[in-house]
Amino acid sequence: MANTYALRVQVESHEYDGEFYLVGDGYGTPADVLDNVAADHLLRIANAPRIEEYLLDVLKHGENTSKAEYEATDSDVECWIHVDVSYRRYAFGVGDRVFEFSSEPSKSEIASTVTQLQS
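Residues numbered from 1 in each chain as written. Predicted model: local features only at pLDDT ≥ 70, side-chain atom pairs only at ≥ 80, totals over all residues. Heavy atoms only, no water.

Colleague: Looking at this model, I keep getting lost on helix 2 (residues 51–60). Mind explaining?
Modeller: At 3.6 residues per turn, the α-helix brings residues three or four places apart onto the same side. By the burial criterion, the buried members of helix 2 are I51, Y54, L55 and V58. Along the long axis of helix 2, the arc covered by the buried residues comes to 95°, so they all point the same way. Relative to its buried face, helix 2 has exposed residues pointing more than 90 degrees away, namely L56 and K60. Those residues of helix 2 that are buried are in contact with strand 1 (4–12), strand 2 (17–25) and helix 1 (30–47). G62, located one to two residues past helix 2, shows a positive phi value of around 60°. (Buried < 20%, exposed > 50% of the residue type's maximum accessible area, 1.4 Å probe, protein only. Helix = DSSP H or I, 4+ residues; strand = E, 2+ residues; numbered from the N terminus. Arc of directions from axis to C-beta. Contact = heavy atoms within 4.5 Å.)

Given below as structure tokens:
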């Protein structure tokens, strides 16, 4: 049986304030989810000229799932991303552990956090 993850993405900005949900298989540890799923979203948000472009891209590619499906998922790991676009603050969390990134997360900073999660 594949490992299942649930990832909540919370976005705050002047234009949008809300959250959406991602559920998938293949990643069963927080480090795996950050390395293979959340990192992509953090970098896409950081590099989007406007947050709306990122949100439309997620919707266009059908990456998100409903809140009901997210809550009903019996996941092996539950994580979240919080992004405050206006203040350029980024965080990844699992349980009570929160990892904050610099004003624009880089691949190397994300890799360092993955290493911390693996230990």
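Colleague: Which parts of the structure should I look at to understand the side chain of T4?
Modeller: For T4, the position within the fold is in strand 1. With a relative accessible area of 10%, T4 lands in the buried category. Side-chain polar atoms of T4 contact the side chain of D25, separated by 2.9 Å. Ignoring any residue separated from it by four or fewer positions in sequence, one finds T4 in contact with V23, G24, D25, Y27, T73, D74, S75, D76 and V77. (Polar contact = N/O pair within 3.5 Å; in protein donor to acceptor, adjacent residues only side chain to side chain.)

Colleague: What is the right way to read the nonpolar core from this model?
Modeller: A general tendency of soluble globular proteins is for nonpolar side chains to be buried together. Ranked by internal contacts, the top residues of the largest apolar core, which has 34 residues, are L7, Y54 and F92. Sorting the residues of this core by element identifies strand 1, strand 2, helix 1, helix 2, strand 3 (77–84), strand 4 (89–94), strand 5 (97–101) and helix 4 (107–118) as the ones contributing at least two each. The leading source of residues in this core is helix 1, at 10 residues. Residue contacts for F92: discarding those within four places in its chain leaves L7, P30, L34, A38, C79, W80, I81, R97, V98, F99, F101 and L117. (Core = buried A, V, L, I, M, F, W, Y, C linked by side-chain atoms within 4.5 Å.)

Colleague: Is there a simple way to think about the sheet that holds strand 2 in this case?
Modeller: As a general point, the strands of a sheet are linked pairwise by backbone hydrogen bonds and lie either parallel or antiparallel. Strand order across the open sheet formed by 5 strands is 2-1-3-4-5, with mixed pairing between neighbours. Two strands close off the open sheet at either side, each with one partner strand: strand 2 and strand 5. Sheet twist, expressed as the average angle between the axes of neighbouring strands with direction ignored, equals 15°. As judged from the 9 bridges shared by strand 1 and strand 2, these two strands associate in the antiparallel manner. Bridge pairing links Q10 to E19 in strand 2. Along the sheet face, helix 1 touches strand 1, strand 2, strand 3, strand 4 and strand 5 and points at about 20° away from the line of strand 3. (Pairing = 2+ DSSP bridges. Axes fitted to C-alpha atoms, helices over the stretch in contact; angles between N-to-C directions.)

Colleague: Help me understand the pattern of salt bridges, please; the structure alone is not making it clear to me.
Modeller: A pair can form between side chains of opposite charge whenever their charged atoms are brought close. Tallied over the entire structure, the rule returns 7 salt bridges. In this structure, E19 engages R8 in a salt bridge whose closest nitrogen and oxygen atoms are separated by 3.8 Å. Taken together, the residues E19 in strand 2 and R8 in strand 1 connect sequence positions 11 residues apart. A relative accessible area of 23% places R8 in the partly exposed class. Here the salt bridges do not stand alone but share partners, grouping D40, R44, D57 and E63 into one network. (Salt bridge = Lys/Arg side-chain N within 4 Å of Asp/Glu carboxyl O.)

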